[in-house]
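So you can see what is in the structure, the chains are spelled out below.
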Amino acid sequence: MVETTTVNPPKVKTSKPASGGFEMPKFEMPKFEIPKVEMPAAFREFAERGVAQCKDTYEKMKAAAEEATDVLETTYSTASKGTSEYGLKMIEAARVNTNAAFDFFGELITAKSPSEVIELSSAHARKQFEALTQQGKELGALAQKVATEAAEPIKSGMNKAFSKVA
């Protein structure tokens with residue numbers, strides 16, 4: 001005897017594939033009823049005045065901050081120029097001092113006696129002391145000028161900006 005059996009094909013699922021394997025449960029936000037309460041007129045006026053005052057103060061602070069930013073940009077520019085000028089002055093002083101040292105050593109090589117070496121050394125030391133003193137004065141005056149020029153816009157700008165807020 002031959003037995004025949006029918007094979008049922010496997011069932012194909014037609015549902016959506018799960019994205020990522022986890023699905024957030026869906027909750028609804030509870031609906032709370034806000035009671036309709038009439039606010040007293042005095043409270044409403046107080047709140048409106050507070051909001052208006054906050055807006056006014058915000059506008060003043062915004063204007064002050066913008067002015068302060070402008071002042072700081074100007075100050076930075078001034079300080080940058082002054083620092084550059086100071087650096088150039090330092091380079092010039094170093095160049096002058098280096099040339100003086102080379103000149104001194106050139107003269108020292110041609111010296112014929114120890115007394116001439118001492119005389120040249122003394123003269124060079126005196127000239128260098130005078131030159132360094134003068135350079136120090138010039139650099140000090142320039143540093144003071146740069147600091148004053150950089151601080152003045154900050155001082156006047158901040159006073160102006162904060163006087164508007166007050």
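What you are looking at is a predicted structure, and each value in this text was computed from that prediction instead of being measured. (Residues numbered from 1 in each chain as written. Predicted model: local features only at pLDDT ≥ 70, side-chain atom pairs only at ≥ 80, totals over all residues. Heavy atoms only, no water.)

## Structural notes on the overall build of the protein chain
Note the cut-off: Helix numbering and strand numbering both begin at the N terminus, where a helix is a DSSP run of H or I of at least 4 residues and a strand a DSSP run of E of at least 2. For each residue, the accessible area found with a 1.4 Å probe, counting protein chains only, is set against the maximum for its type, and the residue is called buried under 20%, exposed over 50%, and partly exposed in between. Contact between two residues is taken to exist if any of their heavy atoms lie within 4.5 Å; hydrogens are not considered. Values of accessible area rely on a 1.4 Å probe in the Shrake-Rupley scheme; residue burial ignores everything except the protein chains shown.
Broken down by element type, the protein chain carries two helices and zero strands. Out of the 166 residues in the protein chain, the part that is buried amounts to 11%. Restricting the contact set of the protein chain to residue pairs at least 6 apart, pairs at least 24 apart contribute 78%. Carbon and sulfur atoms provide 63% of the accessible area of the protein chain, an area that totals close to 14700 Å².

## Points about a nonpolar patch on the surface
So the rule is basically this: Patches draw on residues past 30% relative accessible area with no salt bridge. Two like charges within 9 Å are joined, as are two nonpolar side chains (Val, Leu, Ile, Met, Phe, Trp, Tyr) within 5 Å. Salt bridges are defined as contacts in which a side-chain nitrogen from Lys or Arg sits within 4 Å of a carboxyl oxygen from Asp or Glu.
A cluster of nonpolar side chains, namely Met39, Phe43 and Phe46, defines an oily patch on the protein surface of about 340 Å² accessible area. Tracing the backbone through its elements, the reader meets methionine 39 in the segment before helix H1 (41-109). For methionine 39, a relative accessible area of 43% gives the class partly exposed.

## Re the side chain of glutamine 135
Topologically, glutamine 135 is positioned in helix H2 (residues 114-165). For glutamine 135, a relative accessible area of 13% corresponds to the buried category. Each residue touching glutamine 135, except ones within four places of it in the same chain, is listed here: Ala93, Val96 and Asn97.

## Thoughts on a negative patch on the surface
For clarity, the cut-off: For the purpose of counting charges, residues Lys and Arg are taken to be positive, whereas Asp and Glu are taken to be negative. His and the chain ends are not included. All charge positions are set by atom: Lys at NZ, Arg at CZ, Asp at CG, Glu at CD.
Residues Glu59, Glu66, Asp70 and Glu73 make up a contiguous surface patch of negative charge. For glutamate 73, the position within the fold is in helix H1.

## Here's the deal with the pattern of salt bridges
Enumeration over the complete set of coordinates arrives at four salt bridges. Note that lysine 145 and glutamate 85 form a salt bridge whose closest N and O atoms lie 3.9 Å from each other. One end of the pair, lysine 145, is in helix H2; the other, glutamate 85, is in helix H1, with 60 residues separating them in the sequence. When its relative accessible area of 39% is taken as the criterion, lysine 145 is described as partly exposed. Judged by its relative accessible area of 38%, glutamate 85 is partly exposed.

## Let's talk about the environment of alanine 94
Along the chain, alanine 94 turns up in helix H1. Each C-alpha atom of the pair alanine 94 and glutamine 135 lies 9.8 Å from the other, and the pair is 41 residues apart in sequence.

## Regarding the packing of aromatic side chains
As a reminder, the rule being used: Aromatic rings from Phe, Tyr and Trp, taking only the six-membered ring of Trp, are treated as a pair when their centres fall within 6.5 Å; an angle between ring planes under 30 degrees marks them as stacked, one over 60 as edge-to-face, and anything in between as tilted.
One pass over the full model with this rule turns up one aromatic pair. Centroid distance phenylalanine 104 to phenylalanine 105: 5.4 Å. Interplanar angle 50°. Geometry classified as tilted. Accessibility expressed as a relative area gives 10% for phenylalanine 104, which makes it buried. Residue phenylalanine 105 is classed as partly exposed on the basis of its relative accessible area of 46%.

## Some words on H1
Where we set the bar: The span expected for a helix works out to 1.5 Å for each residue beyond the first.
An ideal rise of 1.5 Å per residue puts 102 Å on 69 residues; H1 measures up with 100 Å between its terminal C-alpha atoms. Looking at H1, one finds that the buried residues are Ala64, Ala68, Val71, Thr75, Gly82, Ala93, Asn97 and Phe104.

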